[in-house]
Each structure stands twice: as C-alpha cells, then as structure tokens.
Amino acid sequence: MSLEIWTVSGAPSPWRAALGMAFKGLDYDVHLLSAAQKEHKSEAYLVINPRGTVPTVKEGDTTLSQSIAILAWLDRKYPDAPLFGGTPHDAALIWQRTMEIFDYLPDATSGVLSPIFFQGADQATDDLKAASERLQSELARLTGILADTLFLSGERPGAADAVAFPHVRLIQRAMETNPTIMQALGLTDLATVSPEITDWVGRIEALPNVAATFPPHWA
Ligand SMILES: N[C@@H](CCC(=O)N[C@@H](CS)C(=O)NCC(=O)O)C(=O)O
C-alpha cells in the first residue's frame, strides 16, 4: 500500500504535506499535475478531489485533501517523529502556532508575491508597499519564535514548520528571481530581513528528504 500525493510545482499547500512526510522519513509517490494545462480540474482528478485543489493524499482506502488535515492524519498513522509534539502542552502550542501561521502568513505572502509572479508587477506601488509591511510584520513574528527555539514547532521540526516553510522559501525565491522590485519593497535578502529565519531555513533544508520536496521547476 503506497502513499501518494497529487501536487502542482511550487504550490505551497501540497508542499506542506510533502514536508510532513519528509520530516517523518516516509516514502511516497508524486503525481505532478500541470496547472497550466488545468490538470487539477480534469474529470479524473475531480473524482478524488471534487474542488480541484492540491494537495490530495491517498493511501489505500484513505483519500484526503486539506494540508493541515493531512498533517494531522500523518501523525496518527505514523506516530514516529511527531509533527504535533509528544505532550498535551506541546500539541496545543504547535496547533496554536500552526493555525496562526495558516491564518496570516499565506495571505501576507501572496499579497506581495502574486502581483510580482502572476501580474508582472515591477513598481513599488502604495498597495505593494502596504502588502510588504504586512508581510514583514508576519516575518517578525516568526523571527520572535525562532529567537527562542530551533524550529517553529519547538526543538524538532513539526507541523508549524511544514506550514510556514513553503511560504518563506517562496519569498526567498522572489528575492532571487525578482531582486529589483523586492529590494524596492524592503525585501532585499532573507539574511537582512531575519538572520533567525535564514538559519531556520538552513536547518530545514539540511534535514533528510527535504530537498526532494522542492518544486521541480526550480531545479
Ligand atoms: N486550504 C487548502 C488550500 C488548497 C489550495 O487552495 N491549494 C491551491 C494550491 S496552493 C490550489 O489547489 N489552487 C488551485 C485552485 O484553487 O483551483 C489546503 O491547505 O490544502
């Protein structure tokens, strides 16, 4: 019975689920869908994911969507290397951080990156500057957590890290591929924005199996 994931290259939600599997050292098969060809809206895919979103994860009779639900399922199904901690206190803290990141970081990230990646924005308009300030304030929150612990989930990687990492790495990617507009928005490079976040990215990237979760089109 194999573990399978349906994903789109560079999409943060399926990347979270893949990171959960990587943190646990699980093997899985990847079905890479083409967003350009709308494969996530094909009749065949809608059978397993009626909303036509990614991720979908399947193992045997279990078919799941929603990245956070997938992380919770992974933790019950494969309890080694827990994503949500080992004690009631740790579980609550990790859930709180995971949901807070989920509630704020994706929107703050896409407020800056969507105009740049998808609409070719190259001017620091007032709207983009406001979006950048909002993003920097979310990054400052992550910096505050990482000043005290190695990972957002505590002393080992977990759900909060799996949810935050794709967004932070997409921001870093934009700094590399669109430096002029990112600099104009005060987002020059990650080390300048936050040494703590930079070190955390390095720690996550050094973990076994994490490299395999990266968007194939970045290679
Ligand atoms: N809350 C969902 C979000 C799923 C989602 O919207 N995924 C995006 C990619 S990151 C997607 O499939 N977008 C295509 C669409 O909505 O048509 C989760 O965490 O899994």
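Cut-offs used in this document
- Residues numbered from 1 in each chain as written.
- Predicted model: local features only at pLDDT ≥ 70, side-chain atom pairs only at ≥ 80, totals over all residues.
- Pairing = 2+ DSSP bridges.
- Helix = DSSP H or I, 4+ residues; strand = E, 2+ residues; numbered from the N terminus.
- Axes fitted to C-alpha atoms, helices over the stretch in contact; angles between N-to-C directions.
- Contact = placed C-beta atoms within 7 Å.
- Core = buried A, V, L, I, M, F, W, Y, C linked by C-beta atoms within 7 Å.
- Buried ≥ 20, exposed ≤ 12 C-beta atoms within 10 Å, placed from the backbone.
- Domains from an automatic or database assignment.
- Near = placed C-beta within 6 Å.
- Nonpolar A, V, L, I, M, F, W, Y, C, P; charged D, E, K, R; others polar.
- Parallel < 35°, antiparallel > 145°, perpendicular 65-115°, else oblique.
- Left-handed = near helix turned anticlockwise from the far one by under 90°.
- Right-handed = clockwise from strand over helix to strand, strands pointing away.
- Expected span 1.5 Å × (residues − 1).
- Bend = angle between axes of the 7 residues up to and from the residue.

**Q** I'd love a proper account of the sheet that holds strand S4 (residues 62-65), names of residues and values included.
**A** Spatially, four strands are ordered S2-S1-S3-S4 in an open sheet, and the strand pairing comes out mixed. Across the chains shown, the open sheet's two edge strands, defined by having one partner strand only, are strand S2 (29-33) and S4. Sheet twist, expressed as the average angle between the axes of neighbouring strands with direction ignored, equals 20°. With three bridges joining them, strand S1 (residues 4-8) and strand S3 (residues 56-59) adopt antiparallel strand pairing. Bridge pairing links Trp6 to Thr56 in S3. Against the sheet, helix H1 (residues 12-23) contacts S1 and S3, and its axis sits at roughly 150° relative to S1.

**Q** Report on the nonpolar core, specifying residues and quantitative values.
**A** In terms of nonpolar packing, the biggest core is built from 51 residues, with Ala159, Ala162, Ala164 and Ile197 touching the most fellow members. Three or more residues apiece are contributed to this core by two domains, here domain 1 (4-77) and domain 2 (88-211). Those residues within four positions of Ala159 in sequence are excluded, and the remaining contacts are Leu71, Leu83, Phe84, Ile94, Thr98 and Ser153.

**Q** Residue-level account of the site of the ligand, with values.
**A** Contacts to the ligand come from Ala11, Pro12, Ser13, His40, Gly52, Thr53, Val54, Pro55, Gln66, Ser67 and Ile68. Its residues assigned to classes, the shell around the ligand comprises five nonpolar, six polar and no charged.

**Q** Residues and numbers for the packing of H1 against helix H6 (residues 159-177), please.
**A** In the contact formed by H1 and H6, the axes pass within 8 Å of each other and the chain directions differ by 125°. Taken as axis vectors, H1 and H6 run oblique relative to one another. Crossing angle aside, the handedness with which H1 passes H6 is right-handed. For the pair H1 and H6, the contacting residues are Pro12, Trp15, Arg16, Leu19, Gly20 and Phe23 in the first and Ala162, Val163, Phe165, Pro166, His167 and Leu170 in the second. When the residues that make up the contact of H1 with H6 are grouped by side-chain class, the tally is nine nonpolar, two polar and one charged.

**Q** Outline unusual backbone geometry, supporting the account with residue identities and numerical values.
**A** In this structure, Pro55 follows Val54 across a cis peptide bond, with omega equal to 10°. With respect to the helices and strands, Pro55 occurs in the loop between helix H2 (43-48) and S3. In this structure, Ala81 is a non-glycine residue whose phi angle is positive, near 50°. The topology assignment puts Ala81 in the loop between helix H3 (67-77) and helix H4 (88-119). Its 15 C-beta neighbours within 10 Å are what place Ala81 among the partly exposed residues. Within the chain, Asn209 stands out as a residue other than glycine whose phi angle is a positive 75°. Looking at where Asn209 falls in the secondary structure, it is placed in the segment after helix H9 (195-205).

**Q** Help me get a handle on the pairing of S2, residues and values and all.
**A** As judged from the five bridges shared by S1 and S2, these two strands associate in the parallel manner. The residue bridging Glu4 from the neighbouring strand is Asp29, located in S2. Since S1 and S2 lie parallel, the crossover through H1 that links them has a hand, and here it is right-handed.

**Q** Outline H4, supporting the account with residue identities and numerical values.
**A** Here H4 is 32 residues long and its end C-alpha atoms lie 45 Å apart, about the 46 Å a rise of 1.5 Å per residue gives. When the local axis directions of H4 are compared, the greatest deviation, roughly 45°, occurs at Leu113, which is followed within four positions by the proline Pro115. Listed as buried for H4 are Ile94, Arg97, Thr98, Ile101, Leu105, Ala108, Thr109, Val112 and Leu113. Contact partners of the buried residues in H4: H3, helix H5 (126-146) and H6.

**Q** Break down the domain arrangement of the chain for me, with residues and values.
**A** Under the domain assignment used here, the chain contains domain 1 (4-77) and domain 2 (88-211). If you average the C-alpha positions of domain 1 and of domain 2, the two centres end up 22 Å apart. Taken together, the contact pairs 10 residues of domain 1 with 15 residues of domain 2. For the side of domain 1 that touches domain 2, the secondary structure elements donating two or more residues are H1 and H3. A per-element tally of the side of domain 1 that touches domain 2 places H1 first, with seven residues. Among the residues forming the side of domain 1 that touches domain 2, the class breakdown is seven nonpolar, two polar and one charged.

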